[in-house]
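Okay, here's what each chain looks like letter by letter:
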Amino acid sequence: MKIEKNKSLKNNNTFGIDVSARKYVEIYDEDELKQLLSLSELKDEAKLVLGGGSNILFTHDYNGIVIKNSIPGIKIIFEDEKLCLVKAGAGVIWNDLVLFAVEKNLGGIENLISIPGTVGAAPVQNIGAYGEELQNTFHSLKGIYIETGKESVFEKEECKFGYRESIFKEELKEKFIITSVILELYKNSQPVFNYGTIKNELEKLPSVNYSIKDVSDIIAKIRNDKLPDPTAIGNAGSFFKNPEIDKDQFLELKKEHPEIPCFTSPHNKVKIPAGWLVEKCGWKGKRIKNVGVHEKQALVLVNYGYATGEDILSLAQEIKISVIKKFGIELTEEVNIY
Ligand code: EPU
């Protein structure tokens with residue numbers, strides 16, 4: 001275990017922001033993590049766990065220790081004729097787990113293909129795309145409390161999953177480190193493809209017996225066409241969450257904007273695509289010096305080169321103000337800001 005000092009984090013965040021961590025360490029197994037957490041010299045040090053760094057915006061140097069979680073391993077730990085329990089280390093690249101499942105024709109996460117980040121980060125914000133969310137296949141996870149070094153297992157109900165939410169993003173933020181995740185994947189499952197764009201693409205295929213691989217291939221292509229590749233242009237996917245508003249407010253807005261898109265949401269709420277709101281405020285494709293709003297998906301803010309976290313944040317602030325002025329809706333950030 002090597003603790004580095006004043007380490008640049010430019011390659012550890014997909015926005016490509018050039019900040020540094022006062023201390024930095026990469027860990028590869030649970031014992032190493034426990035050993036690290038027991039070091040007295042780190043007791044009072046602020047700790048930040050990084051996976052793929054694909055949902056974070058750094059606005060300044062990190063004055064503490066960054067723990068890069070690189071715990072590897074994908075293993076089937078149980079199977080019967082219907083399902084498989086698959087355990088993956090928190091440091092596994094999420095997409096590698098999806099490819100593992102697709103290759104074995106195990107259903108449940110194929111719609112989550114090409115999402116950047118690691119397995120350990122996936123439950124933190126209950127990653128989701130194209131009608132699926134992690135919580136739908138989640139079985140349990142294991143991790144370690146930072147303060148005590150004690151291990152704990154969380155079953156699904158204990159994780160308090162919501163739309164891009166979980167207990168690990170709220171009460172347990174900076175208190176608990178996920179070390180492995182178990183998913184429940186299905187043999188012979190029917191892929192979910194209600195999402196408009198996927199359905200249209202699938203209907204172009206000769207057979208109507210769509211496989212898990214058909215769906216994942218189409219989604220990978222759609223994402224590839226629409227979302228910027230972080231290795232080419234810095235970004236963290238959706239910058240904001242899709243806001244949920246009351247049905248009454250929605251009906252009022254619809255009078256003025258009959259074309260407003262929406263997704264249904266529980267509790268008499270309506271979810272509006274934030275990308276549409278941002279686009280309607282004229283931001284899509286706009287560039288201000290080193291930062292901008294992606295030309296194909298207005299929910300994605302991009303770093304064209306040497307932007308600072310503050311540059312991105314001030315663009316986000318301007319966008320939020322204009323959306324409030326035009327629609328009376330307050331956007332909230334999906335990315336974690338440090
Ligand atoms: N739209 C626009 N203009 C835009 C972008 C979107 O008008 O520039 C409208 C369109 O009406 C479109 C609708 O928004 O039909 C939905 O767009 P899209 O399918 O791209 O999905 P999204 O709601 O913008 C969410 C997730 C994405 C996920 C996609 C696909 C959030 C915050 N984002 O985006 O997740 O890939 O659905 O399911 O929920 C991420 O979290 O980083 C992420 C990329």
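From a predicted model like this one, the values you see are computed outputs, not experimental measurements. (Residues numbered from 1 in each chain as written. Predicted model: local features only at pLDDT ≥ 70, side-chain atom pairs only at ≥ 80, totals over all residues. Heavy atoms only, no water.)

Caption draft 1: Quick peek at the overall build of the chain. Along its length, the chain carries seven helices and 21 strands. For a compact globule of 338 residues, the expected C-alpha radius of gyration is about 20 Å, and the chain comes in at 21 Å, within 12% of that figure. In terms of its C-alpha atoms, the chain occupies a principal-axis envelope of roughly 60 × 55 × 35 Å. When the 338 residues of the chain are sorted by exposure, 50% land in the buried category. Long-range pairs, those at least 24 residues apart, make up 60% of the contacts in the chain between residues at least 6 apart in sequence. (Helix = DSSP H or I, 4+ residues; strand = E, 2+ residues; numbered from the N terminus. Rg over C-alpha atoms; globule rule 2.2 N^0.38 Å. Buried < 20%, exposed > 50% of the residue type's maximum accessible area, 1.4 Å probe, protein only. Contact = heavy atoms within 4.5 Å.)

Caption draft 2: Focus on the nonpolar core. One finds Phe58, Phe239, Leu301, Ile319 and Val323 to be the most contacted residues of the largest nonpolar core, which totals 44 residues. Counting only elements with at least two residues in this core, the list comes to strand S2 (20-27), strand S3 (47-50), strand S4 (56-57), strand S5 (62-69), helix H5 (247-256), helix H6 (274-280), strand S19 (291-293) and helix H7 (309-327). Considering each element in turn, this core owes the most residues, six residues, to H7. Excluding its chain neighbours within four sequence positions, the residues that come into contact with Phe58 are Leu9, Asn13, Ile17, Val19, Leu48, Leu50, Gly309 and Tyr338. Ranked by size, the runner-up nonpolar core spans 42 residues in total, among them Phe138, Ile167, Phe168 and Ile218. (Core = buried A, V, L, I, M, F, W, Y, C linked by side-chain atoms within 4.5 Å.)

Caption draft 3: Inspection of the site of the ligand at higher detail. Around the ligand, a shell composed of 24 residues is seen, among which Tyr130, Tyr163, Lys226, Glu279 and Glu334 lie nearest. Separating a nitrogen atom of the ligand from a side-chain N or O atom of Glu279 is a distance of 2.6 Å. In the environment of the ligand, an oxygen atom lies 2.7 Å from a nitrogen or oxygen atom belonging to the side chain of Glu334. Protein contact buries 81% of the 820 Å² of open area that the ligand shows by itself. Looking at the shell around the ligand element by element, the count peaks at three residues for H6. When its residues are assigned to classes, the shell around the ligand shows 11 nonpolar, six polar and seven charged. (Near = heavy atom within 4 Å. Polar contact = N/O pair within 3.5 Å; in protein donor to acceptor, adjacent residues only side chain to side chain. Areas by Shrake-Rupley, 256 points an atom, 1.4 Å probe, with all protein chains shown as cover. Nonpolar A, V, L, I, M, F, W, Y, C, P; charged D, E, K, R; others polar.)

Caption draft 4: Helix H1 (residues 30-37), seen in detail. Those residues of H1 not exposed but buried are Glu30, Glu32, Leu33, Leu36 and Leu37. End-on, the buried residues of H1 take up no more than an arc of 160 degrees, which puts them together on one face. Where H1 is buried, its residues touch S2, S3, S5, strand S11 (138-145), strand S12 (151-155) and strand S13 (176-187). By the N-cap criterion, in which a side-chain oxygen at the helix start approaches the backbone nitrogen of a residue two or three places on, H1 is capped by Asp29, the distance to Asp31 being 3.1 Å. (Arc of directions from axis to C-beta.)

Caption draft 5: Geometry of the sheet that holds strand S14 (residues 234-238). Read from one edge to the other, the open sheet built from four strands follows the order S14-S20-S19-S18, with strand pairing classed as antiparallel. Strands at the two margins of the open sheet, each flanked by one partner only, are S14 and strand S18 (287-288). Inspection of the sheet shows S19 paired to strand S20 (residues 300-303) by three bridges, in the antiparallel sense. Counterpart to Val293 in the pairing with S20 is Leu301. (Pairing = 2+ DSSP bridges.)

Caption draft 6: View of the side chain of Ser140. Turning to its location among the elements, Ser140 is positioned in strand S11. Ser140 gets classed as buried once you look at its relative accessible area, which sits at 5%. Within polar-contact distance, the side chain of Ser140 engages the side chain of His139 at 2.9 Å.

Caption draft 7: Quick look at the sheet that holds strand S1 (residues 4-8). Pairing within the open sheet is mixed, and its four strands lie in the order S1-S2-S5-S3. Here the strands that pair on one side only, and so sit at the sheet edges, are S1 and S3. Averaged over neighbouring strand pairs, the angle between their axes works out to 45 degrees when direction is ignored. In this structure, S2 lies alongside S5, joined through six bridges in parallel fashion. Residue pairing for S5: Val25 is matched across the bridge by Ile67. Here H1 sits on the sheet and contacts S2, S3 and S5; the angle it forms with S2, its principal contact strand, is near 140 degrees. (Axes fitted to C-alpha atoms, helices over the stretch in contact; angles between N-to-C directions.)

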